[in-house]
Amino acid sequence: MPALVRWRRQLAMLLAVVGPGIIAANADNDAGGITTLSVVGAHYGYQLLWVLFIITLSLAITQEIGARTGAVTGKGLAALIRENYGVRITFFAMVVLLVANLGTIIAEFAGVAAALELFDVPRVVSVPVAAAAVWLLVTRGDYKRVERVFLAFSLVYISYIVSAFLVRPDWGTVAASLVTPTPRLDAAYLATLVALVGTTITPWGQFFIQAYVVDKGVTDKEYHVTRLEVYAGALLTDVISLFIIVTAAVTLSTQGVRIEDASDAARALEPLAGPFARIVFAIGLLNASLLGAAVVPLSTAYPICEAFGWEAGVSKSFREAPVFNGLYTFALALGALAVLVPTLPLVTIILLSQTVNGVLLPIILIFAIRLASNRDIMGAHANGPVRNAVAWSTAVVLIVATVALLATSVILPIFGIEVGA
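Heads up: these notes are all about the structure in this document. (Residues numbered from 1 in each chain as written. Predicted model: local features only at pLDDT ≥ 70, side-chain atom pairs only at ≥ 80, totals over all residues. Heavy atoms only, no water.)

**What to know about the pattern of salt bridges**
Considering all chains together, one arrives at five salt bridges under this definition. Among the ionic pairs, glutamate 64 bridges to arginine 387, the shortest N-O distance being 2.9 Å. You can see glutamate 64 sitting in helix H4 (residues 49-73) and its partner arginine 387 sitting in helix H18 (residues 385-414), a full 323 residues away along the chain. With relative accessibility at 0%, the residue glutamate 64 sits in the buried group. Here arginine 387 falls in the partly exposed class, since its relative accessible area comes to 23%. Where salt bridges share partners, they join Glu64, Arg68 and Arg387 into one cluster. (Salt bridge = Lys/Arg side-chain N within 4 Å of Asp/Glu carboxyl O. Helix = DSSP H or I, 4+ residues; strand = E, 2+ residues; numbered from the N terminus. Buried < 20%, exposed > 50% of the residue type's maximum accessible area, 1.4 Å probe, protein only.)

Here it is, written out as structure tokens:
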């Protein structure tokens, strides 16, 4: 009986704290992410899978840093930046976040539109309805209800695993590509590499997971369970990313199909694997878009309110947290309205937003790493050498890749020098 009681207590603790790691990591595979992953597979086949293998570790470590800092301090990343670096630096960080997030929110509703257009639902209907449903869920629901819906969304990602097996790739080649680096120096390859990292490890994700852990009330006593959940979420996210790239590589790379939006991958599935495969991929795209449309505006409202000391929280009403709910509503409405502009180059915005995420991520990571390494803030829970090595390496590699991207695409061409194919 004592063993059964202990097992029940452990299960209750697991159910009480599960959520932040899985939701934050899975939300990285949003509409912009799926479009970027589809482009990666369509244009480069399996050539960039080795990057995915490496950044799985980086995603796990960076997300864990945010979750641990939130659990130990009871404060979000924006609040800690303000307390330790001042209002001016905080304002700069919020501008960086806002720039990165706006394009991402537009991408989410572009994904909703693209997915439902596969079922002949026009975007003038699908986008407003989706925006209204997401707004009602987050602003009118309580924390537990919202989290249950987010976790349900996370389960639907299994559709991409089904899609990949339906196209029957050569899994031996896939496995070999994961451990065979194929670096190149041309601008398009570097831009795609930066976008791949930027859609997997996002600036908004760093703010969101820390704020979410705080809002959920996870403390350092329960954190050991959250840590395992964060690692599991990172692994699951990049496994899903692998299947999306593989699906796109088989269906798009071999057929020379041009990517206009993520729904092109779904359309290309039908002649190869049948209409069921197209429907499964479309459902995955819709699910990912809705989860992203709910989470990314939250990752905008949370840190801005933390940064300037305004009330924030999913369970708080408009009266209790007017700025938080107002910011959430504004970000959601702006993203939805932008998609309804018929001349807007959605794919360009989506891919650019992911590249911007990759370029700006080192700025946010530097704040997060320095704060988590500060023993005055974190005490015995401060970063150790292994976590710091992985996190700093991620930031440095992104900075180097960004400099190389700017050199090959902007600086060298000015002098008539073309690099790569």
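**Points about the side chain of glutamate 108**
Tracing the sequence through the fold places glutamate 108 in helix H5 (residues 77-117). With no salt bridge to any partner, buried glutamate 108 finds its closest opposite charge in arginine 123, at an N-O distance of 14 Å. In contact with glutamate 108, not counting residues within four places along its chain, are Asp30, Ala31, Gly32, Ala288, Ser289, Gly292, Ala293 and Val296. (Lys, Arg positive; Asp, Glu negative; His and termini not counted. Contact = heavy atoms within 4.5 Å.)

**Describing the nonpolar core**
With 101 residues, the main nonpolar core has Leu48, Phe109, Phe150 and Leu298 as its most contacted residues. With 18 residues, H5 is the largest single contributor of residues to this core. If near-sequence neighbours (up to four positions away) are discounted, leucine 298 is found in contact with Val138, Phe150, Phe208, Pro303, Val314, Phe324 and Tyr328. Counting residues in each nonpolar core, the second largest holds seven residues, with Ala67, Ala71, Ile209 and Val213 among its members. (Core = buried A, V, L, I, M, F, W, Y, C linked by side-chain atoms within 4.5 Å.)

**Remarks on a nonpolar patch on the surface**
Nonpolar side chains collect at one region of the surface, where Val87, Phe91, Val95, Val99, Phe308, Trp310 and Val323 lie side by side and expose about 620 Å² of accessible area between them. The element contributing the most residues to the nonpolar patch is H5, with four residues. (Patch = residues over 30% accessible without salt bridge, like charges linked within 9 Å, V, L, I, M, F, W, Y side chains within 5 Å. Areas by Shrake-Rupley, 256 points an atom, 1.4 Å probe, with all protein chains shown as cover.)

**Here we look at the layout of surface pockets**
Roughly 410 Å³ of internal volume is contained in the largest pocket. Along its surface, the largest pocket is lined by 21 residues, and Trp50, Val51, Ile54, Leu193 and Val397 are the ones closest to its centre. Contributing elements (two or more residues each) for the lining of the largest pocket: H4, helix H10 (187-200) and H18. Tallying contributions element by element places H18 first for the lining of the largest pocket, with eight residues. Residue composition of the lining of the largest pocket, grouped by class: 17 nonpolar, three polar and one charged. (1 Å grid on protein atoms, 1.4 Å probe; cavity = no way out; pocket = protein on both sides within 12 Å on 5 of 7 lines; lining within 4 Å. Points joined across faces, edges and corners; volume = space filled by probe spheres on them. Nonpolar A, V, L, I, M, F, W, Y, C, P; charged D, E, K, R; others polar.)

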